[in-house]
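Analysis of the macromolecular model
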Amino acid sequence: MTIFRRLLVAVLYLPVLALAQQAPSAPVLAARSWLLIEAASGQELASQAPDQRLEPASLTKLMTAYLSFAALKQGTLKLDQTVPVSQKAWKTGGSRMFIQVGTQVRVEDLLKGMIVQSGNDACVALAEAIAGDEENFAQLMNREAQRLGMKDSSFRNASGLPDPQHYTTARDLATLAGALIRDFPEEYAKYYSLKDFRYNNITQPNRNRLLWIDPTVDGLKTGHTEAAGYCLVSSAKRGPRRLVSVVLGAASDKVRAQESLKLLSFGFQFYDAVQVYAKNEAVSSLRVWKGVASSVKLGFVNDLVIAVPKGFGPKIRTELVSQQPLMAPVAQGQALGTLKVSVDGKPFGDYPVLALEAVPSAGIVGRLIDTVRLWFN
């Protein structure tokens, strides 16, 4: 993750205190921790103890899936590749897809077994195929968590079986879910909305009840252990807009589903998502001195989307603040200013604005000419 992305995510997660009086009251859920975010920006819409470290149970499999999809993209793993089932994978306890030791299982079947059936045995088999053994795979999980900005997560296994050093937070899970949807949209669409999967003559349903309740929900993952309670990371898309909710520590399967739906419905009903600027759209241009070009376009590497209470979209205003004079060289992606966003006359947030193009230094003559011009500027 680039420095700018980390900065932008940090800014978007800050509470929008300026609209506190106008913002609708967030629902109170029957759960230990929860978080609702706007997927396009990562902006927080509602939360309760989102940074509390908790046992993730099978929500761990979101990271195992992320690394599996990355391996497919890199070509180190293939969907039609067969993976030998080890003694360790076969013996793994908890929920299973019932693979048999000594057999060969297709990677695609293991993915479905992990995502739909929540098979711990499938997770171990995938981990061994990607990293040689589960211990090495756990190192990859932690490295990826750091790269994605998951600051309060520690993984010890691929499945989510209990371990004192295996934990995460609602915020980190929302970050992971958002990254999975963003980085692997085709794989997400293909697997996470499947309602059941049959393997070894055993059909198991997806444990995400929302797939049957709300047609706009298309993922993601359930989790449960005695210590973690009933957990659910879910996502719904209505029109162009997507929300991600995380509910941890509910009392039952039914409660985690109804509380997740309550959270998603709150976000869609009481907030509008407004695209302030599109990806690579020029917000403005700045004068550049001593460069091969005399100006540089500024903008964002991703769509700048903010969520505001219903009806406040037309009240969004922006102001670009930058330091002058700007000297070449300018690197593409370099932060050159700040876009100050206000809503209804009240400060909403500050967003770093980047150079959309590079401006190398001019030659000796060009630099000399601009030096003289600066004396009179």
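1. Examining the overall build of the chain
- Of the regular secondary structure elements, the chain holds eleven helices and 17 strands.
- Its C-alpha atoms put the chain at 80 × 50 × 35 Å along the principal axes.
- Looking at the chain residue by residue over its 377 residues, the buried ones come to 50%.
- Taking the contacts inside the chain whose residues are at least 6 apart along the sequence as the reference set, 65% of them involve residues at least 24 apart.
- When the 42 positive and 33 negative side-chain charges of the chain are each reduced to one mean point, those points stand 3 Å apart.

2. Details of helix H4 (residues 107-115)
- With eight of its nine residues buried, H4 lies for the most part within the structure.
- Three or more residues of H4 are buried, namely Val-107, Glu-108, Asp-109, Leu-110, Leu-111, Gly-113, Met-114 and Ile-115.

3. So, the pairing of strand E12 (residues 295-299)
- Alignment of strand E11 (residues 284-289) against E12, held across four bridges, turns out to be antiparallel. When the sheet's bridge partners are listed, Ser-284 is paired in E12 with Leu-298.
- A loop of five residues connects E11 with E12, the two strands running antiparallel in sequence, and Lys-290 in this loop sits at a positive phi of about 65°.
- Where E12 and strand E17 (residues 346-355) come together, two bridges link them in antiparallel fashion.

4. Points about the confidence of the model for the chain
- On average, residues of the chain carry a pLDDT of 90, and 93% of them reach 70 or more.
- Low confidence marks residues 1-21, where pLDDT is under 50. Its contacts with residues over four positions away, or in another chain, come to 30 contacts.

5. Section: the sheet that holds E17
- Strand order in the open sheet formed by six strands is E14-E16-E17-E12-E11-E15, and the pairing between neighbours is mixed. With partners counted over all chains shown, the strands left at the sheet margins are strand E14 (316-322) and strand E15 (326-327), one partner each.
- Where E14 meets strand E16 (residues 335-343), seven bridges bridge the pair, whose relative direction is antiparallel. Looking at the pairing, Arg-317 lines up with Ser-342 of E16.

6. Overview of the nonpolar core
- Counting 62 residues, the largest nonpolar core has Met-63, Phe-69, Ile-99, Leu-110, Tyr-192 and Val-233 as its most contacted members.
- Broken down by element, this core gets its largest block of residues, nine residues, from helix H2 (residues 61-74).
- Discounting chain neighbours no more than four positions away, the residues touching Ile-99 are Val-85, Ala-89, Trp-90, Val-105, Leu-110, Asp-121, Ala-122, Ala-125 and Tyr-199.
- In this structure, Tyr-277, Val-283, Val-330 and Leu-339 belong to the second largest nonpolar core, which totals 25 residues.

7. What to know about the environment of Leu-210
- Positionally, Leu-210 belongs in helix H9 (residues 210-213).
- Take Leu-210: its relative accessible area is 0%, and that puts it in the buried class.
- The sequence separation of Leu-210 and Lys-310 amounts to 100 residues, and the corresponding C-alpha distance is 25 Å.
- Not counting residues within four places of it along the chain, the set of residues in contact with Leu-210 comprises Val-217, Leu-232, Ser-234, Ala-257, Ser-260, Leu-261 and Leu-264.

Procedures and definitions
- Residues numbered from 1 in each chain as written.
- Predicted model: local features only at pLDDT ≥ 70, side-chain atom pairs only at ≥ 80, totals over all residues.
- Heavy atoms only, no water.
- Helix = DSSP H or I, 4+ residues; strand = E, 2+ residues; numbered from the N terminus.
- Buried < 20%, exposed > 50% of the residue type's maximum accessible area, 1.4 Å probe, protein only.
- Contact = heavy atoms within 4.5 Å.
- Lys, Arg positive; Asp, Glu negative; His and termini not counted.
- Charge placed at Lys NZ, Arg CZ, Asp CG, Glu CD.
- Pairing = 2+ DSSP bridges.
- pLDDT = per-residue confidence, 0-100.
- Core = buried A, V, L, I, M, F, W, Y, C linked by side-chain atoms within 4.5 Å.

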